[in-house]
Amino acid sequence: MVNLNINIPSQEKNYPIIIEHNNIEELKLKILSCVRGTKFLVVISEKVDKLYGKILGFNKSEKFVLKDGEKEKNFNNYKKIINKALQMELTRQDAIIAIGGGVVGDIAGFAASTYMRGIDFIQVPTTLLACVDSSVGGKVAIDSEHGKNLIGSFYQPKIVFINTNFLKTLDERQFKTGLGEVVKYIFIEKSCKCKEELNFTNFITENTDKILSKDLKILEQLIEICIKLKISVVEHDEQEEGLRKILNFGHTYAHAIEKITKYKKYTHGEAVVKGILFAFNLAEKRGLIDKNYKFFAEDILRKFDFKKLPDFPKEKIISAMKSDKKATSNKIIFILPVNYSLVDEFALDNEEIF
Ligand code: GLY
């Protein structure tokens, strides 16, 4: 078991992130020992509920089962979760518990952040993507018809329980989408300002096969490294005023792909990998990195055999990028590689991008 801790100075908030592979049967007791009140609402992914509902042991009346898919992260489901919490008469001592992937964590977290001006929130991520990214750092949100994550807040959980046993049943596509966020950390590692030398590039290159075959011991170490890097970034800059922007490496182009394909055709991680490749090409074109580093990055990504996405029409990409909430008035913000594991922020005009 690994017990990490994140400290958000601006909120005087400190919470543990536990990574373990103990029996899932034991989780309920551990989760409930963190609830201060007498009631709680579990927001759980439909898939996870089907596979693990019995083992987890929560009653039907304590659960809100959310169908899978980004489209479920909507206002209507948010309203249903809040109404369920109201019907259950949850008080400020009680808690909302998210068990599932990023969609569940985001919508349940947003409900927790707004219900009675905020009640305790417990994250139990069950996908690789949620383990290495969305469950840590407090970004919670729902989507609107105008775009992804447009209604949200920064709301840190009380505790995060990661149990790698959930990853055993993750389908190949979902596993690979998590790896899309994992490989991102290779290229931003030194920019994360983590005090500990983690050598993520070596870890990844030495263990690629074991990662791909879901060796749970290796996955546990992989999650630990990614979370340590994320903790360092979020501790420096919770609200994305500076350093946290580096976590958007590969995301400017990825968000545009997701938007023009209506969040249906590709998973987030698939789009992020394409976005990372785009960022490397752009950085090389602008003379920020040499060809060798670009080839090195392409080589690592090739080994993971990610889904190959086509090139998208330039005009559509530009217009989608401009409507992103991270774009400033005229310029598009890109995080680009500048050296091995180092990135920087650039505000670019259209003609500087293509
Ligand atoms: N998913 C990027 C962040 O948490 O900032």
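About the thresholds
Each chain carries its own residue numbering, running from 1 in the direction its sequence is written. Local features in this predicted model are restricted to residues of pLDDT 70 or higher, and side-chain atom pairs are both shown and tallied only at a pLDDT of 80 or more, whereas totals for entire chains, interfaces and linings draw on every residue. Remark: hydrogens and water are excluded; side-chain values derive from all non-hydrogen atoms of the structure. In these notes, a set of buried Ala, Val, Leu, Ile, Met, Phe, Trp, Tyr and Cys residues joined through side-chain atoms within 4.5 Å is what counts as a nonpolar core. Partly exposed describes any residue whose relative accessible area lies between the buried limit of under 20% and the exposed limit of over 50%, with all areas from a 1.4 Å probe on protein chains only and scaled to the type maximum. Residue contacts are defined here by distance: any two heavy atoms, one from each residue, within 4.5 Å place the two residues in contact. Numbering of helices and strands runs from the N terminus; a helix is a DSSP stretch of H or I covering at least four residues, while a strand is a stretch of E covering at least two. We score Asp and Glu as negative and Lys and Arg as positive, and we do not count His or the chain ends. Here, a salt bridge means any Lys or Arg side-chain nitrogen found within 4 Å of an Asp or Glu carboxyl oxygen. N or O atoms within 3.5 Å of each other form a polar contact, as long as, within protein, one can give a hydrogen and the other can take it, and as long as residues adjacent in sequence are counted only when both atoms are side-chain atoms. If a single non-hydrogen atom of a residue is within 4 Å of a molecule or strand, that residue counts as near it. Each accessible area is a Shrake-Rupley result for a 1.4 Å probe, and residues are judged covered by the shown protein chains and nothing else. Basically, the charged four are Asp, Glu, Lys and Arg, the nonpolar ten are Ala, Val, Leu, Ile, Met, Phe, Trp, Tyr, Cys and Pro, and anything else, Gly included, counts as polar. What makes two strands pair is DSSP finding at least two bridges between them. Between N-to-C directions, angles span 0 to 180 degrees; the directions come from axes that are lines fitted to C-alpha atoms, helices contributing only their stretch in contact. Exposure above 30% relative accessible area and no salt bridge define the residues that can form patches, which grow by joining like charges within 9 Å and nonpolar side chains of Val, Leu, Ile, Met, Phe, Trp and Tyr within 5 Å.

J.: I would appreciate a short explanation of the nonpolar core in the present structure.
T.: Burial of nonpolar side chains together is a common tendency in soluble globular proteins. Core analysis: the biggest nonpolar cluster contains 79 residues, and Ile17, Leu128 and Phe200 have the highest contact counts within it. What Ile17 contacts, discounting residues up to four positions off in sequence, is Val2, Asn3, Leu4, Ile6, Val136, Val160, Ile162, Ile227 and Ile231. Within the second largest apolar cluster, 24 residues are counted, among which are Phe64, Val103, Ala111 and Ile142.

J.: What am I meant to see in the side chain of Asp94 here?
T.: Following the sequence through the fold, Asp94 ends up in the loop between α3 (75-87) and β5 (95-100). Comment: no salt bridge for buried Asp94; closest opposite-charge side chain is Lys39, at 4.1 Å. From its side chain, Asp94 meets the backbone nitrogen of Thr38 in a polar contact 3.1 Å long. Polar contacts involving the side chain of Asp94 include one to the main-chain amide nitrogen of Lys39, which spans 3.0 Å.

J.: I tried to follow the site of the ligand on my own but got confused; where do I start?
T.: In the vicinity of the ligand, the contacting residues are Asp133, Lys139, Lys230, Glu240, Arg244 and Leu247. Contact distances for the ligand include 3.0 Å between an oxygen atom and a side-chain N or O atom of Lys139. One of the side-chain N or O atoms of Lys230 is found 2.6 Å from an oxygen atom in the ligand. Taken by itself the ligand offers 200 Å² of open surface, and the protein chains cover 88% of this. Residue composition of the shell around the ligand, by class: one nonpolar, no polar and five charged.

J.: Is there a simple way to think about the sheet that holds strand β4 (residues 63-66) in this case?
T.: In any sheet, the strands associate via hydrogen bonds between backbone groups, in a parallel or an antiparallel arrangement. Across the sheet, which stays open at both edges, the seven strands sit in the order β1-β2-β9-β6-β5-β3-β4 with mixed pairing between neighbours. Each of the sheet's edge strands pairs with one partner strand only, and the pair in question is β1 (2-8) and β4. Here the strands of the sheet are splayed against their neighbours by 15 degrees on average, with no regard to which way each runs. Bridge count between strand β6 (residues 120-125) and strand β9 (residues 159-163): two bridges; the pairing is parallel. The residue of β9 that forms the bridge with Ile122 is Ile159. Packed onto the sheet, α3 meets β3 (40-45) and β4 and runs at close to 170 degrees relative to β4. Taken strand by strand, helix α4 (residues 102-114) contacts β3, β4, β5 and β6, and its axis lies near 170 degrees from that of β5.

J.: Please explain the environment of Glu172 as it appears in this structure.
T.: For Glu172, the position within the fold is in helix α6 (residues 172-188). Along the primary structure Glu172 and Leu212 are separated by 40 residues, whereas in three dimensions their C-alpha atoms are 9.5 Å apart.

J.: Would you take a moment to explain a nonpolar patch on the surface for this structure?
T.: Together, Phe75, Leu150 and Ile151 line one region of the surface with nonpolar side chains, adding up to about 260 Å² of accessible area. With respect to the helices, strands and loops of the structure, Leu150 is situated in strand β8 (residues 147-154). For Leu150, a relative accessible area of 38% puts it in the partly exposed group.

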